[in-house]
Amino acid sequence: MSAHQTATANPGPLGLCGFALTTWLLSLINNGTFGGENVGLVLAMGFAFGGTAQMIAGMFEFSKGNTFGFTAFTSYGAFWWSFALFKTFFATTVSAEFIGWYLIVWGTFTLMMFVGTLAKARALQVIFALLTITFYLLAAGDFTGNHNITHIGGNFGLATALAAFYLAAAEIINESFGRTVLPIGAPKA
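The residue count restarts for each chain, going from 1 along the sequence in the order it is written. Per-residue local features are limited, in this predicted model, to residues with pLDDT of at least 70; the limit for side-chain atom pairs, both in listing and counting, is 80 or more; totals at the level of whole chains, interfaces and linings are taken over all residues. Derived side-chain values reflect all non-hydrogen atoms in the structure, with water molecules and hydrogen atoms excluded from consideration.

## Focus on the nonpolar core
We count it as follows: Only buried residues count toward a nonpolar core, which is a set of Ala, Val, Leu, Ile, Met, Phe, Trp, Tyr and Cys residues joined through side-chain atoms within 4.5 Å. Between buried and exposed lies partly exposed: a residue is buried under 20% and exposed over 50% of the maximum accessible area for its type, with that area taken using a 1.4 Å probe on protein chains only. Helix numbers and strand numbers start at the N terminus; a helix is a DSSP run of H or I with at least 4 residues, a strand a run of E with at least 2. Contact criterion: two residues are considered in contact whenever any of their non-hydrogen atoms come within 4.5 Å of each other.
In terms of nonpolar packing, the biggest core is built from 35 residues, with Tyr76, Ile127 and Phe128 touching the most fellow members. The dominant element in this core, judged by the number of residues it contributes, is helix H5 (residues 122-144), at nine residues. Every residue in contact with tyrosine 76, bar those within four places of it in the chain, is listed here: Gly50, Gln54, Trp106, Phe109, Thr110, Met113, Phe128, Leu131 and Phe135.

This is how it looks when you write it as structure tokens:
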């Protein structure tokens, strides 16, 4: 490294934690563990951590030249902002069917991102596969009005959050120890 170059921190764990923690809380409502009256805390997390922290992580991924990380973190940061704004201002004026379409388009975007993970770490592939399923199940729950489907989607959301938290922990711990402590299943070059 030349005297003019500096090492930059990995923004991935910040974005993954913002995503994981906010997704975990919303999924506890979606799977029926807690009622919708608790959504206010999810909205606060959506604005502060799920939205803003992911946007910041995305901007740092941009500066590192990581198109995938930039697109993922800024997009899902925008998802959390849009979700929080929707729930705060428009939740009573939008039909369940249109919410289903909102979830379908996010599921389809996530499916596209999943394809992009096929050349990346297996842990990242798991996150995007689970998240794709989560969005489609939640959409099906809104389209049909079947709360059981929504609850299953919430459980997939919990699995998604755990997978994201694992990858964040692996990136932090592996870097701290300078070796692989928590494997992420990096594809062979």
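And the narrative resumes.
## Considerations on the side chain of threonine 22
Its place among the elements puts threonine 22 in helix H1 (residues 12-30). A relative accessible area of 0% places threonine 22 in the buried class. Look past the residues within four positions of threonine 22 in its chain and what remains in contact with it is Val42, Met45, Gly46, Phe49, Gly50 and Trp80.

## Remarks on the environment of leucine 131
Mapped onto the secondary structure, leucine 131 falls in helix H5. Residue classification places leucine 131 among the buried positions, given a relative accessible area of 6%. Beyond its immediate chain neighbours, meaning those up to four positions away, leucine 131 contacts Phe19, Tyr76, Thr110 and Thr160.

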